[in-house]
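One-letter residues, chain by chain:
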Amino acid sequence: MEILLSRTELFDGIEEPEIASLLRCLAASRRSYRKGDVILAAGDATDYLGVVLSGMAIISTGDIWGNNSLLGHVGPGSVFAEVYACLPGEPLRISVSAAEDTQVLFMDIARVLGTCPSACPFHARLIRNLLTVCARKSLQLSQRILHTSPKSVRGRLLSFLSEWAIRSGSRAFRIPYNRQQLADYLGVDRSALCSELSKMRREGLIDYQRSQFLLREAPLP
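All residue numbers refer to position in the chain's written sequence, counted from 1. Note on the predicted model: pLDDT of at least 70 is required for a residue's local features to be given, and 80 or more for side-chain atom pairs to be given and counted; whole-chain, interface and lining totals, by contrast, use all residues. For side-chain calculations, the full set of non-hydrogen atoms in the structure is used, while hydrogens and water are omitted.

A. Spatial organisation of the pairing of strand β8 (residues 102–108). The cut-offs for exposure are 20% and 50% of the maximum accessible area for each residue type, with area from a 1.4 Å probe on protein chains only; residues under the lower value are buried, those over the upper are exposed, and the others partly exposed. A run of H or I in DSSP counts as a helix once it spans at least four residues, and a run of E counts as a strand once it spans at least two, with each numbered from the N terminus. Burial of β8 is extensive: 6 of the 7 residues sit out of reach of the surface. Pairing of strand β1 (residues 29–33) with β8 involves 5 bridges; the strand directions are antiparallel. Looking across to β8, one finds that Ser-32 is bridged to Gln-103. Sheet topology places strand β3 (residues 48–54) next to β8; 6 bridges connect them, and they run antiparallel. Strands are labelled as partners when DSSP assigns at least two bridges between them.

Structure (structure tokens):
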């Protein structure tokens, strides 16, 4: 586990033996979830931040009528619920559920933010890394707002696909969502999204197979 954590943004710059010491100091605990299990439910409060060790978790939000909107996903090494953990007693406005069999490491935020009696430098590094994680999450939220600002389904798709192509450094890339999850993320109807994807493929703008996409340089003749 320490090997995986040493490669994450939260534990960046902290050596494996130091991570093992930190986990004992933080009284970290590991839990396993089956596909579909709720990890954190909307309306609850949490004093713990989570780190996905294996599998994938989906973060979503819903309204009083039962309409759900996908906010994002967290894979191995990713952190979730850190903002709510920093706000004691604040009810979650999101739900976190296992998209597949998933293992999560939980850490008490009070222990994370509190300094060790020995004031170990790698604990201070962990706190700085957590601030970086929070800043990056804020950026990701801003990106989603950009993707959902166009009024048309095509505009939202083009914004999303362009961002993933840039992120991948290639016009060929894989996205982490199925069609329903993508529709929820972009805030559109699934059938309208599928229809628009088909039109864009017929027009030669894109090609795709399941979650694998290819952006064309120009429409095919």
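B. Local environment of the sheet that holds β1. Strand order in this open sheet of 4 strands is β1-β8-β3-β6, and the pairing throughout is antiparallel. Since the sheet does not close on itself, it has two edges, and those belong to β1 and β6 (79–80), each with one partner.

C. Local environment of the sheet that holds strand β10 (residues 206–209). Strand order in this open sheet of 3 strands is β9-β11-β10, and the pairing throughout is antiparallel. Of all strands in the sheet, those with a lone pairing partner are β9 (172–174) and β10, marking the two edges. Between one strand axis and the next, the sheet turns through 20 degrees on average, direction left out of account. Here β9 pairs with strand β11 (residues 212–215) via 3 bridges, running antiparallel. Across the sheet, Phe-173 pairs through a bridge with Phe-213, a residue of β11. For helices, the axis comes from a line fit to the C-alpha atoms of the stretch in contact; other axes are also lines fit to C-alpha atoms, and the angle between any two N-to-C directions lies between 0 and 180 degrees.

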